[in-house]
Amino acid sequence: MIMEIHTLLLLLTLSLLIIRFLLNRHGRKNQPPGPTGLPIIGNLHQLGPQPHCTLSTMAQTYGPIMSLRLGSVTVAVASSPATAQEIFQKNDQAFADRPIPESVAAQPNVADTLAWAPANPRWRNRRRICSTQIFTTQRLDLLQHLRHRKVQELAEHLQKQASKKSVVEIGELAFATMLNLVSNTVFSEDLVDPEFQSAGEFKELVWRIMEDAGRVNLSDYFPVLKRFDLQGVKRHVAVSYARLHEIFDGMIRKRLRDRESSPARNGDFLDVLLDHCQQGEAADFTVDNIKPLILDLFIAGSDTSGSTTEWAMAELLKNPEIMQKARKELIQVIGTSNEVKESDIPRLPFIQAIVKETLRLHPPVPLLLPYVAGHDVKVSGYTIHKGNQVLINQWSIGRNPQFWDDPLLFQPERFLGSNIDFKGRDFEYLPFGSGRRICPGLPLANRMITLMVATFVHSFEWELPQGVTPQTLDMSEQYGITLKKLSPLCAIPVSV
Ligand code: HEM
């Protein structure tokens, strides 16, 4: 009986999809050009395992603004600085909200996240608090010692590995360091074992959420299928979200008890949020609805920064002459005995250029986060209709020979003496996005990645594992929630 009901529902759904396809075929006027799709699935089958590359190739045929149909969702893809600028500057009001993937909607109180909430006053308030309480220069300077300690712990761990001539996974270490950094900023404590040995439940949970979010989920392309969760993605990821909320809940309750018994404050982000909670209903903060905001910082901050550090080191191991030039700068500015400090960064233009060049060639979020059109909008003379999704292929823009000389070469020198920056105003270079939803974590990510890369290069010589040479080092990408290295970067630290 249950089987029959399921079959009936599936047939009904398929009929609805066919009717919608037939109605839509000629429905939308003046859409940007794009490849012809198949009935029902549209262009879904054409995306392949590397959608950012496929879309980049398609843009050569269909132009800098094109339109695809992914199941029953219409997606406009911008692939030039001019179209990105039109979206972010001229029409930023229309593209302020995001579609919420089912893997994200699986978490409790999704409307209280920062990355996925609609751009309403509640979101604006949360963003303002993050910007003023975590990411201003003054606040970041105040917590410098914390980052130095985390990077120092990482260096000490590497010293131990160096004495054993052990191979280390650089991305994994950078990811764990970043998780601990965010957890110290929010809770004033580590959530990952400082010896980087055990996988640690927290790291596993964050990792599993990333993996689930990176899976292609039919429910996102056929909203009528949402309720069936045919691939079980939502059910699977919900377990990790629930456990993380439980961990946060325990930490928040403990802090509330500490605050009751003593007026002393840690001065971390949790204290800031709890102060807001105690301002009552008008402040719009409760113990339950601050958890998605905290989780967002962990999810958005750790993998992106870890992966960028890994790509930077991979490029340096692939290009030994650039590694030597970087080390020379570090020794000239800092000497051999001192540790690298954040205050040294302004005097390390070449290291800064390495981070910028890494973000150009290997942006961790290649299509930015998706936007949804709030109303019909004209872009480059075409109409993007209300409800259509918009992607910006900044990976493609960063590798386009129209805007960059020798775009596929890793040449940090191109940023020396150049005014191009990643603050969202240079539309040929948008690793952190642009406009009102630009990455709020940019200043922290920049400081932390630069500090990690500088410490790696300053404190160690690096060797590739036996059998791997700079020429054979695999630089293939794996598309997912972040654009990672397909094979993790393994290398041997050698003490200098
Ligand atoms: C290399 C490191 C990072 C990169 C490349 C990166 C990139 C991005 C991008 C492309 C977006 C979407 C922007 C848009 O839609 O225009 C974003 C959003 C966001 N990022 Fe980052 N990010 C990084 C690190 C961080 C860190 C360290 C944090 C916080 C600890 C963070 C927190 C966020 C949040 C909360 C959002 C959502 C903002 C909103 O929708 O209002 N990110 N990031």
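Residues numbered from 1 in each chain as written. Predicted model: local features only at pLDDT ≥ 70, side-chain atom pairs only at ≥ 80, totals over all residues.

Undergrad: I'd like a description of the overall build of the protein chain, backed by residues and values.
TA: Along the protein chain, the regular secondary structure elements total 17 helices and 11 strands. For the protein chain, the C-alpha radius of gyration of 23 Å lies close to 23 Å, the compact-globule estimate for 496 residues. If you line up the protein chain on its principal axes, its C-alpha atoms span 70 × 60 × 45 Å. Here the protein chain, with 496 residues, has 42% of them falling under the buried criterion. (Helix = DSSP H or I, 4+ residues; strand = E, 2+ residues; numbered from the N terminus. Rg over C-alpha atoms; globule rule 2.2 N^0.38 Å. Buried ≥ 20, exposed ≤ 12 C-beta atoms within 10 Å, placed from the backbone.)

Undergrad: Outline the site of the ligand, listing residues and values.
TA: Lining the immediate environment of the ligand, one finds 28 residues, of which Ala300, Gly301, Gly433, Cys439 and Gly441 sit closest. No other element matches the 7 residues that helix H13 (residues 291-318) contributes to the shell around the ligand. Of the residues belonging to the shell around the ligand, the class tally is 17 nonpolar, 8 polar and 3 charged. (Near = placed C-beta within 6 Å. Nonpolar A, V, L, I, M, F, W, Y, C, P; charged D, E, K, R; others polar.)

Undergrad: Describe the nonpolar core, and please don't skip the residues or the numbers.
TA: Residues Val77, Leu179, Met313, Val390 and Val453 are the most contacted members of the largest nonpolar core, which totals 115 residues. When neighbours within four sequence positions are excluded, Val77 is seen to be in contact with Leu55, Ala59, Met66, Leu68, Leu391 and Asn393. (Core = buried A, V, L, I, M, F, W, Y, C linked by C-beta atoms within 7 Å. Contact = placed C-beta atoms within 7 Å.)

Undergrad: How would you summarise the sheet that holds strand S11 (residues 490-495) if you had to cite specific residues and measurements?
TA: The strand order across the open sheet formed by 3 strands is S3-S11-S8, and the pairing between neighbours is antiparallel. In this open sheet, the two edge strands, each paired with only one partner strand, are strand S3 (168-169) and strand S8 (460-463). Sheet analysis places S3 next to S11, joined by 2 bridges and oriented antiparallel. Note that in S11 the partner of Glu169 across the bridge is Cys490. Across the sheet, helix H7 (residues 144-163) lies against S3, S8 and S11, angled at about 90 degrees from S11, the strand it touches most. (Pairing = 2+ DSSP bridges. Axes fitted to C-alpha atoms, helices over the stretch in contact; angles between N-to-C directions.)

Undergrad: Tell me about the UniProt feature "binding site: heme" (unreviewed entry) in the protein chain, and name the residues and values.
TA: The UniProt record marks Cys439 with the feature "binding site: heme" (unreviewed entry), using the residue numbering of this structure. Within the element layout of this structure, Cys439 appears in the loop between helix H16 (394-398) and helix H17 (442-459). In this structure, Cys439 is in contact with Phe432 and Gly433, ignoring residues within four places of it in sequence. (UniProt positions renumbered as here; feature names shortened; annotations may be inferred.)

Undergrad: Can you explain helix H11 (residues 233-261)? Please cite residues and give values.
TA: For an α-helix, the turn length of 3.6 residues means that residues three or four places apart are oriented alike. The first and last C-alpha atoms of H11 sit 43 Å apart over 29 residues, in line with the 42 Å expected at 1.5 Å per residue. The set of residues buried in H11 consists of Val233, Lys234, Val237, Ser240, Tyr241, Leu244, Phe248, Ile252 and Arg255. Looking at the buried residues of H11, the elements they touch are helix H4 (102-105), helix H9 (201-214), helix H12 (269-277) and H13. (Expected span 1.5 Å × (residues − 1).)

Undergrad: Tell me about the pairing of strand S2 (residues 73-78), and please be specific about residues and values.
TA: Here S2 lies mainly inside the structure; 5 of its 6 residues are buried. Bridge count for strand S1 (residues 65-70) against S2 is 6 bridges, and the pairing is antiparallel. Paired with Ile65 across the strands is Ala78, a residue of S2. What sits between S1 and S2 in their antiparallel hairpin is a turn of 2 residues, with Gly71 showing a positive phi close to 65 degrees. Both S2 and strand S7 (residues 389-392) contribute to a ladder of 4 bridges, which runs parallel. Within S7, the residue paired with Val77 across the bridge is Leu391.

Undergrad: Lay out the environment of Glu211 with the relevant residues and their values.
TA: Relative to the elements of secondary structure, Glu211 occurs in helix H9. What makes Glu211 partly exposed here is the crowd of 15 C-beta atoms within 10 Å. Taking the C-alpha atoms as reference points, Glu211 and Thr482, separated by 271 residues in sequence, lie 9.6 Å from one another.

Undergrad: Explain the sheet that holds S1 to me, and be specific about the residues and the numbers.
TA: What holds strands together in a sheet is hydrogen bonding between their backbones, with the strands either parallel or antiparallel. The sheet built from 4 strands is open, its strands ordered S1-S2-S7-S4 with mixed pairing. Pairing within the sheet leaves two strands with one partner each, and these edge strands are S1 and strand S4 (371-372).

Undergrad: Go over unusual backbone geometry with me, naming the residues and quoting the values.
TA: Within the chain, Lys165 stands out as a residue other than glycine whose phi angle is a positive 55 degrees. Relative to the helices and strands, Lys165 is located in the loop between H7 and S3. The phi dihedral of Ser188 falls on the positive side, at around 60 degrees, and the residue is not glycine. With respect to the helices and strands, Ser188 occurs in the loop between helix H8 (170-187) and H9.

Undergrad: Describe the packing of H9 against H11, listing the residues and the values that go with them.
TA: Interhelical geometry of H9 versus H11 gives an angle of 150 degrees and a closest axis separation of 10 Å. Classified by the interaxial angle, the pair formed by H9 and H11 is roughly antiparallel. In terms of crossing hand, the pair formed by H9 and H11 is left-handed. Each of Phe202, Leu205, Arg208, Ile209 and Asp212 in H9 lies in contact with H11, whose residues at this interface are Val233, His236, Val237, Ser240, Tyr241, Arg243, Leu244 and Ile247. (Parallel < 35°, antiparallel > 145°, perpendicular 65-115°, else oblique. Left-handed = near helix turned anticlockwise from the far one by under 90°.)

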